[in-house]
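The primary structure of each chain is shown beneath.
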Amino acid sequence: MPETVLLLRSGRHLEVGVRALERTLPGCEISVMCSRADEQYLADAGIPGERRLVCEAPRFSAWQVLRSGMARRVRQARFQRVAMLSNWQDGAGQVNVLWTSALLAPGGFLAISPSGDLVTMSWTQPIATLCAPAVRRLRRWLQVMASAWQQLRSRVEGPELEPRVWHSHFLSAWVAERALPALARPLKGRVLDVGAGTGYAARFLGPGTAYLPTDLPDGRDAADAAISNRGMRPVVQCSGIALPVRPATLDGVMAVSVLEHVPDPGAILREAYRALRPGARALLVTPFCFPFHGEPNDYRRWTADGLAHEAKACGFEIERADRLGASTTAIVLNLHLLVKYEWRRSQAWWLRGLAAAWPVWLIWQGFANVTAMAIDRYESRPSLPVMVAVLARKPL
């Protein structure tokens, strides 16, 4: 049986459409739907009366076709294809494509340009093209809103190093600020901080110290308000394995969350030993139960005894080796970071959606943080500490 095709949107270009169909689909039966005003062109194109579907409406539009019941007549005729004499890429053509989809021709439709070019398409192709500008605008708007949403979160949470109680990093800062001032108390005089970043370790030193922050040129930006609102820039840019000081001239050295980021931590410890005067101390702090950070340069984790062993191997005497933060605190902290970083980057859209609902998580984090703080005091020797610290001394 010959293929049946319904030609729409005829007008004065009707004959162009008929010839394009006859050339592309030889032997097909062509029926034409048009308005009463376009009927004069049907005879010129050789369309017999039984294959003419004339819409009585004055304008040939989707609304008028549906209103006149013409769509029902088309479905009853069971055409295999619908052809449209129009440039479907323009605005009017796109609208026509949408309403022709209601006519239910199973073989899709044929778009015919005024020049006679003919392209076979599925229903979804022109609809996707019609929607593409709106989708692009929606995507840009969503990106702007997502950025604003995250900026609002940063403003509500506060800086990472001075976090509010509902911040994801709150417990890490709380553990450090509760334990490190006591460990840093013996450090007096000129104290050099290796890998100081924003100068975070300065807050743990007592009066009578001259704080000397150092870092690499690509260290953390002290002006970044999302990290700290008390940041200070390094006074010297240098590597921890080549400190620009003479031997035995420093009164103290600090390395807070630094040693896990260097391939050879022994080199930094040996350089600190060289720069310290006899009897001076070094405070070493590294995370234990904490996610990878500063990737790809995050090489290891130590227990308190393991970090003390590293310091001993470089000539230091160990005064204290402590585990900081209870196991409950470490578990709660890592759950917060799981939601904030892993869920937000997940390939599962529903996990990203949950992570985006940060007001709910801030409420949960505030409650969980307060609970962890209350439990922390009852755990004296945690098996899963947040961090470990060693206070070492250069022998006299």
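Look up: the structure comes first, before these words.
Only a predicted model underlies this, so the values are computations on that prediction, with no experimental measurement involved.

K.L.:
Looking at this model, I keep getting lost on the overall build of the chain. Mind explaining?
P.N.:
Scanning the chain for helices and strands turns up 12 helices and 13 strands. Taking all 396 residues of the chain together, 45% fall into the buried category. Considering only contacts within the chain whose residues lie at least 6 apart along the sequence, 69% involve residues at least 24 apart. Roughly 20,200 Å² of accessible area belongs to the chain as shown, and the carbon and sulfur atoms make up 57% of that amount.

K.L.:
Teacher, can you tell me more about the packing of aromatic side chains here?
P.N.:
Each aromatic ring pair is summarised here by two numbers: the centre-to-centre distance and the angle between the ring planes. Here the structure, examined in full by the defined rule, presents 4 aromatic pairs. Aromatic pair W343 and W361: ring centres 5.6 Å apart, planes at 80°, arrangement edge-to-face. Taken together, the positions of W343 in helix 10 (residues 327-343) and W361 in helix 12 (residues 358-376) put the pair 18 residues apart, joining distant regions of the chain.

K.L.:
When you look at the packing of helix 7 (residues 170-184) against helix 10 in this model, what are you seeing that I'm missing?
P.N.:
Two quantities define a packed helix pair, namely the angle between the axes and the distance from one axis to the other. Interhelical geometry of helix 7 versus helix 10 gives an angle of 145° and a closest axis separation of 8 Å. Contacts from L171, S172 and V175 in helix 7 reach T329, V332 and L333 in helix 10. Its residues assigned to classes, the contact of helix 7 with helix 10 shows 4 nonpolar, 2 polar and no charged.

K.L.:
Help me out: how do you make sense of a nonpolar patch on the surface in this one?
P.N.:
Residues L138, W141, L142 and M145 make up a contiguous nonpolar surface patch of about 410 Å² in total accessible area. Following the sequence through the fold, L138 ends up in helix 6 (residues 124-157).

K.L.:
For this particular structure, what's the right way to read the pattern of salt bridges?
P.N.:
Close approach of charged atoms allows side chains of opposite charge to pair. All told, the structure shown has 14 salt bridges when counted by the stated rule. Of the charged contacts, one joins R203 and E177 as a salt bridge, the two residues approaching to 3.8 Å between their closest N and O atoms. Of this pair, R203 sits in the loop between strand 7 (189-193) and strand 8 (209-215) while E177 sits in helix 7, and the two are 26 residues apart along the sequence. The closest approach of N and O atoms between D376 and R178, which form a salt bridge, is 2.3 Å. Taken together, the residues D376 in helix 12 and R178 in helix 7 connect sequence positions 198 residues apart. Connected through salt bridges with shared partners, the residues R281, E317, E319 and R393 form a single ionic network.

K.L.:
What's the story with the packing of helix 10 against helix 12 in this structure? I'm lost.
P.N.:
For the pair helix 10 and helix 12, the least separation of the axes is 8 Å and the interaxial angle reads 160°. Classed by the angle they form, the pair helix 10 and helix 12 counts as roughly antiparallel. Relative to helix 12, the crossing made by helix 10 is left-handed. Counting all contacts with helix 10, which are made through T328, T329, V332, H336, V339 and W343, the residues of helix 12 involved are W361, W364, Q365, A368, N369, A372, I375 and D376. Here the residues of the contact of helix 10 with helix 12 sort into 8 nonpolar, 5 polar and 1 charged.

K.L.:
How should the environment of A201 be read in this particular structure?
P.N.:
Looking at the secondary structure, you find A201 in the loop between strand 7 and strand 8. Taking relative accessible area as the criterion, A201 reaches 2% and is therefore assigned buried. Sequence separation between A201 and E177 is 24 residues, and the spatial gap between their C-alpha atoms is 9.6 Å. Beyond its immediate chain neighbours, meaning those up to four positions away, A201 contacts D193, Y211, M254 and V256.

K.L.:
Please explain the environment of G279 as it appears in this structure.
P.N.:
Tracing the chain through its elements places G279 in strand 11 (residues 276-287). Separated by 27 residues in the primary sequence, G279 and G252 place their C-alpha atoms 9.5 Å from one another. Here G279 is in contact with R393, K394, P395 and L396, once residues within four sequence places are set aside.

K.L.:
Is there a simple way to think about the side chain of S168 in this case?
P.N.:
Tracing the backbone shows S168 in the loop between helix 6 and helix 7. Of the residues examined, S168 reaches a relative accessible area of 1% and is grouped as buried. In this structure the side chain of S168 is engaged in a polar contact, spanning 3.2 Å, whose partner is the side chain of H169. At a separation of 3.2 Å, a polar atom in the side chain of S168 contacts the side chain of K340.

K.L.:
What is the right way to look at a positive patch on the surface in this model?
P.N.:
On the surface, R136, R137, R139 and R140 cluster together into a positively charged patch. Along the chain, R136 turns up in helix 6.

K.L.:
I keep staring at the nonpolar core and nothing clicks. Help me out?
P.N.:
Generally speaking, a soluble globular protein has its nonpolar side chains buried in company with each other. With 37 residues, the main nonpolar core has L180, M254, L283 and L324 as its most contacted residues. Those elements giving two or more residues to this core turn out to be helix 7, strand 10 (250-256), strand 11, helix 10, helix 12 and strand 13 (387-393). In terms of residues, this core owes the most to one element, helix 7, which gives 10 residues. Beyond its immediate chain neighbours, meaning those up to four positions away, L283 contacts L183, A184, L187, V253, M254, A255, V390 and L391. With 29 residues, the next largest nonpolar core counts L259, L276, W302 and V388 among its residues.

Calculation rules
- Residues numbered from 1 in each chain as written.
- Predicted model: local features only at pLDDT ≥ 70, side-chain atom pairs only at ≥ 80, totals over all residues.
- Heavy atoms only, no water.
- Helix = DSSP H or I, 4+ residues; strand = E, 2+ residues; numbered from the N terminus.
- Buried < 20%, exposed > 50% of the residue type's maximum accessible area, 1.4 Å probe, protein only.
- Contact = heavy atoms within 4.5 Å.
- Areas by Shrake-Rupley, 256 points an atom, 1.4 Å probe, with all protein chains shown as cover.
- Phe/Tyr/Trp six-rings, centres within 6.5 Å; stacked < 30°, edge-to-face > 60°.
- Axes fitted to C-alpha atoms, helices over the stretch in contact; angles between N-to-C directions.
- Nonpolar A, V, L, I, M, F, W, Y, C, P; charged D, E, K, R; others polar.
- Patch = residues over 30% accessible without salt bridge, like charges linked within 9 Å, V, L, I, M, F, W, Y side chains within 5 Å.
- Salt bridge = Lys/Arg side-chain N within 4 Å of Asp/Glu carboxyl O.
- Parallel < 35°, antiparallel > 145°, perpendicular 65-115°, else oblique.
- Left-handed = near helix turned anticlockwise from the far one by under 90°.
- Polar contact = N/O pair within 3.5 Å; in protein donor to acceptor, adjacent residues only side chain to side chain.
- Lys, Arg positive; Asp, Glu negative; His and termini not counted.
- Charge placed at Lys NZ, Arg CZ, Asp CG, Glu CD.
- Core = buried A, V, L, I, M, F, W, Y, C linked by side-chain atoms within 4.5 Å.

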